Amino acid sequence: MRPPLLLLLLLLGLLPRAGGRGQLRAFVVAHSHMDVGWVYTVQESMHAYAASVYTSVVEELMKGKRRKFIAVEQEFFRLWWDAVATDTYKQQVHQLLQEGRLEFVIGGQVMHDEAVTLIDDQILQLTEGHGFLYETFGIRPQFSWHVDPFGASATTPTLFALAGFNAHLISRIDYDLKADMQKNKKLQFVWQGSPSLSERQEIFTHVMDQYSYCTPSQIPFSNRSGFYWNGIAVFPDPPKDGVYPNMSLPVTDTNIHLYAQTMVANIKERAAWFRTSDVLWPWGCDKQFFNASVQYSNMDRLLDYINQHSDEFGVTVQYATVGDYFQAVYSRNLTWEIRNSQDFLPYSTEPFQAWTGFYTSRSTLKGIARRASSLLYAGESFFTQYVLKHPASSICKCGALKQLQSLRWAVSEVQHHDGITGTESPKVKDMYMNNLMYGMFNVKKLMASIIFDMNNAKKNGEVYSSFYSEDSGIPGATDVDQYVVVYNPLAWNITTFVTVSVSHPAMSVYDELGRSVPAQVQSSAESHSTYDLYILVAISGLSYRKYNVKPLNGKQSGYIGRSVKYKRKDITRADQQRQRLLPVVNNCYQVLFDQNTNLMHSITERETNQTVQVTQEFLEYHVNGDVMKGPISDNYLFAPNASAVPVSKAVGLEVVSGNLMTEIRQYFYSNITSQDYIYAVYTRMYTVPEGYDGKLLCHRIEQEYRVGPLELNREAVLRTSTNLNTRQLLYTDSNGYQIQKRPFKAYRNNTVARNYYPMVQTAYIEDDTTRLMLLAERAHGVSSQGNGQVEVMLHRRLWNNLQWDLNYNLTLNDSSVVRPVIWLILGTKSVANILYRTSGLVLEHRPVVMFGALSGDKPKLPGQLQQNSVHGSPVTVPLNLHLQALSIPGWRYSSNHTEQVHSIRMGKEKQGDADFSRVLLRIRHLYEVGEDPVLSQPVMVNLKSLLKGLGSVMAVEERSLTGTWDVDTLKRWKWKTAQYPGRGFSNSTETSENCIVTVHPKEIRTFFVYFQGQ
């Protein structure tokens, strides 16, 4: 969460009143910042303090009618609600919500990270929490409280606007920028996070001042912190005597005036930084309010005292929720400045504290989190189709939904701002990994059982589900017929390769009709005992195909990749020799390798015959681990000593070529005689036979890197250098949703680290005509440290002696080997624009591969083939749209708000089975306004015909992003700006007549769909 920054001491003397605006009104917002992970596991936190927060807060709110509290992370609240809360507590929570004294803010499972998360996963965790809150209480959060993510993305305000929020709150932005905004009273503005949606999805945004979300921690008259009367939570067990460390001095007659002076001085200091006389005063911090009794009893006295002397102090104080505060600011009716779609990344807290290391920290966790998300996406649509097409199925639907829910929960949980960021302790990383692996296992099992049920296979057959890019191949012997079942989770027709690990090289592959399928087999780069079988698959949207893999007894496969090994080259002496170039060619590119160095030399885009010089090398930043010697790198921070240093003096090369694919394997050695390598690149280029749509396949150069284990205090980067005149301008994506421009900035200190940005899915550099794009399947830090260059940080291994890091085991001694994948696309800007959005999603959502021996299956006749998609006709959308979700959420709430609230008030929350009749459909337009002459156009979609393969659509309801609002009744606050002087409510969606919807650039549209007979 937060390394110890310099503690800011409070001024005691009363400051002059802020801008003569009459009496100041302070809104005291009681809260507890509860990290879902970080240093302690969720279970440890529940035991040590988190369960006590909700139990004691509910008890105390019932005792005092003025008292209020905000609850944030739903994961903790739901664990308390399901396992701890008694019926009495539950009734009291209902009452407190109705009275407006308990307020849920954000309402997601976690407070998600904003830098390295994918938009789909942000929406998932928000939808998970909102569904629970609406089903259980009939409430819909309307304010955010993003107080701790490390920098603020421009995607988040758009997301919260789409979810129906009226205001957004952030805190961690660059220290120097915050100081400047404070001085000029610019901490509040209306943020138009999306250039295409602009004022339709803008949101009022409040940046917290320098004190952030914690109460000032020093009080002048005591050696303890102030306003934390319950002290600091103790792990692993709460103290039996109830005495905690660092409990603030109780408020007494002798110190109450000193307490009041301290609080009032802080309120006045803060008021000077804002435009209205309303002051947000957060009361709480990490792990607070586990003993709410001592908290409120002291604060009650203090607030009463200040209000009794309000004329003397010039301040009134009141307990409040975030909603109370924003309502007060909104009712002032001021005109606010507009901020465009620029984000607040990267984030620095001091001159040498650039929080850009976490963009890469724990790369393995980042990779698994994304694979899990992708598997969940596939599993949801697979299950939804199955339920709709096989109502009388043999699979227990409730059990199946629980399997999906276990992965929904795990993927939501890891989006926490100390989860996927890699800023947690090792045991918490293990917790995330275990939960993800358990959920993935459940969903794979579910998908396998669906395949069985639909193939009516004898139950002694087995389906093993593997996931593309993992090392599990066809199990056991390969002399029996094996089936490879491949599901395409995207709503586009896809032609791609899937890889299966096999035990010998003589294999052939047949489709459902017994026709031969193009495939290539070759020795595996990573294992001497196995072979990689690449199968060319062409699959319609949301459909699966079944392939039969047969061993050829004694015969050779159609396509074998033949290997040529080249001599290891000393790259330090390459200049003295005549250049010899080795070409690798497919229909789209010619890539040349320099045989004097075994390094890449150039890429030619064959259609335009444009050649770009491209060289790639691995480098390491050496970083300091001793706080006595200067700034350190850790899980969060990147603080390089100097420029990056090349890691290898010699490169080995092997080229494996076949009719379908060529793989170039480069091994990087520290010197010409080294036995082992820490770095390798496997580059793959595909040649697609006639009759297949090879556009996307041909236009990508796939690279897989093998990096590690690193030495201590090394940060590994792959630097790609070109002769493009890029003026050191880099472009990176914001959460896979939109692109941010990243000009190189010179700083007095720490320039290298402060020019690192998060790349979640995409980064590119370009000159006037040509663009080089990088597409990633996990998050990385990325930078352009020189003209024509782009470097990606792939791995970090660090240790330091900062006591705080040691105490919490946050030193990132990550000795793993990582294997990230990046696809390169080179071409004119217009061609790259057309390719990269689809290619990025094709990389994200690679087909799910399942293996099994399905006994007694004979090749089908052509007429029977269609039964092999999960349903009769595939689901496909145009290439500028993305089917972002097709799922059965299972929530039992009524879509009619009045009905839903009424049934909860009557105590009739629907118990029993989940609702399988409601299907959640989400469609996203991938392009910005004006980005492409064709693809940026609005798209008209007939939902009935889109989904006809699933059944007959009876009704469609358009909903807010997380499904809890009917868009026709959603009226968000419209804040006054110079652009729009009128204030009122904004309602921005045109609703669909007869299930026909027009989707405009960058829109994300969410629907509930109901089918006949469900």
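So, here's what we can say about the structure. (Residues numbered from 1 in each chain as written. Predicted model: local features only at pLDDT ≥ 70, side-chain atom pairs only at ≥ 80, totals over all residues. Heavy atoms only, no water.)

On to the overall build of the protein, then. Looking only at helices and strands, one finds 19 helices and 47 strands in the protein. Scaling as 2.2 N^0.38, a compact globule of 1014 residues should have a C-alpha radius of gyration of about 31 Å, and the protein matches this with 29 Å. Principal-axis analysis of the C-alpha atoms gives the protein an extent of 95 × 75 × 60 Å. Taking all 1014 residues of the protein together, the buried fraction comes to 65%. In the protein, of all internal contacts separated by at least 6 residues, the share reaching a separation of at least 24 is 76%. Accessible surface computed for the protein: about 35,700 Å², of which carbon and sulfur atoms make up 50%. Distance between charge centroids for the protein: 2 Å, based on 98 positive and 94 negative side chains. (Helix = DSSP H or I, 4+ residues; strand = E, 2+ residues; numbered from the N terminus. Rg over C-alpha atoms; globule rule 2.2 N^0.38 Å. Buried < 20%, exposed > 50% of the residue type's maximum accessible area, 1.4 Å probe, protein only. Contact = heavy atoms within 4.5 Å. Areas by Shrake-Rupley, 256 points an atom, 1.4 Å probe, with all protein chains shown as cover. Lys, Arg positive; Asp, Glu negative; His and termini not counted. Charge placed at Lys NZ, Arg CZ, Asp CG, Glu CD.)

Per the counting criterion, the structure on display carries seven cavities of 30 Å³ or more. Each pocket or cavity is described by its volume, and for the largest cavity that value is around 360 Å³. Leu124, Glu380, Ala885, Ser887 and Arg922 are the residues nearest the centre of the largest cavity, which is lined by 22 residues in total. The element that contributes the greatest number of residues to the lining of the largest cavity is helix α4 (residues 119-137), accounting for six residues. For the lining of the largest cavity, the class distribution of residues is 10 nonpolar, six polar and six charged. (1 Å grid on protein atoms, 1.4 Å probe; cavity = no way out; pocket = protein on both sides within 12 Å on 5 of 7 lines; lining within 4 Å. Points joined across faces, edges and corners; volume = space filled by probe spheres on them. Nonpolar A, V, L, I, M, F, W, Y, C, P; charged D, E, K, R; others polar.)

This part takes up the sheet that holds strand β41 (residues 918-925). Here we have four strands laid out as an open sheet, ordered β40-β41-β47-β43, and antiparallel in their pairing. Only two strands of the sheet have a single partner each, and these edge strands are β40 (881-887) and β43 (953-959). Across this sheet, the average inter-strand angle for adjacent strands is 25°, counted without regard to direction. The sheet contact formed by β40 and β41 spans six bridges and is antiparallel. Paired with Leu881 across the bridge in β41 is His925. Where helix α11 (residues 363-389) meets the sheet, its contacts fall on β40, β41 and β47 (1004-1011), and the angle it forms with β40 comes to roughly 65°. (Pairing = 2+ DSSP bridges. Axes fitted to C-alpha atoms, helices over the stretch in contact; angles between N-to-C directions.)

Now for the packing of α11 against helix α13 (residues 426-454). Between α11 and α13, whose axes approach to 9 Å, the crossing angle comes to 30°. Of the possible angle classes, the one that applies to α11 and α13 is roughly parallel. α11 and α13 meet at a crossing whose hand is left-handed. Looking at side-chain class alone, the contact of α11 with α13 contains 20 nonpolar, two polar and four charged residues. (Parallel < 35°, antiparallel > 145°, perpendicular 65-115°, else oblique. Left-handed = near helix turned anticlockwise from the far one by under 90°.)

The next subject is the pattern of salt bridges. For the structure shown, the criterion picks out 49 salt bridges. Asp300 is the salt-bridge partner of Arg66, the closest N and O atoms lying 3.8 Å from each other. Here Arg66, found in the loop between α1 (42-63) and β2 (69-71), pairs with Asp300, found in helix α8 (residues 292-308); they are 234 residues apart in sequence, far enough to count as distant. Judged by its relative accessible area of 43%, Arg66 is partly exposed. Note that Glu791 and Arg719 form a salt bridge whose closest N and O atoms lie 2.8 Å from each other. You can see Glu791 sitting in strand β37 (residues 789-797) and its partner Arg719 sitting in strand β30 (residues 714-722), a full 72 residues away along the chain. As far as the burial class goes, Glu791 and Arg719 line up, both buried. Within this structure, Lys565, Glu654, Glu663, Arg665, Arg684, Arg700, Glu702 and Glu704 form a network of salt bridges that share partners. (Salt bridge = Lys/Arg side-chain N within 4 Å of Asp/Glu carboxyl O.)

Attention shifts here to the state of the cysteines. With the rule as written, the count across this model stands at two disulfides. The disulfide partner of Cys214 is Cys285, and the S-S distance across this bridge is 2.0 Å. Negative torsions about the S-S bond denote left-handed disulfides, and the value of about 65° found for Cys214 with Cys285 makes this one right-handed. Here Cys285 lies in the loop between β7 (278-283) and α8 and Cys214 lies in the loop between β6 (203-207) and α7 (256-271), a separation of 71 residues in the sequence. Here Cys214 falls in the buried class, since its relative accessible area comes to 8%. Accessibility expressed as a relative area gives 10% for Cys285, which makes it buried. Put simply, Cys588 and Cys698 are joined by a disulfide, and their sulfur atoms are 1.9 Å apart. On the sign convention where negative means left-handed, the S-S torsion of about 125° between Cys588 and Cys698 marks this disulfide as right-handed. Taken together, the positions of Cys588 in the loop between β21 (581-585) and β22 (589-594) and Cys698 in helix α14 (residues 695-698) put the pair 110 residues apart, joining distant regions of the chain. According to the relative accessible area criterion, Cys698 is buried, its value standing at 7%. If you count the bonded cysteines of the protein from the N-terminus, they pair up as 1-2, 3-4. (Disulfide = S-S within 2.5 Å.)

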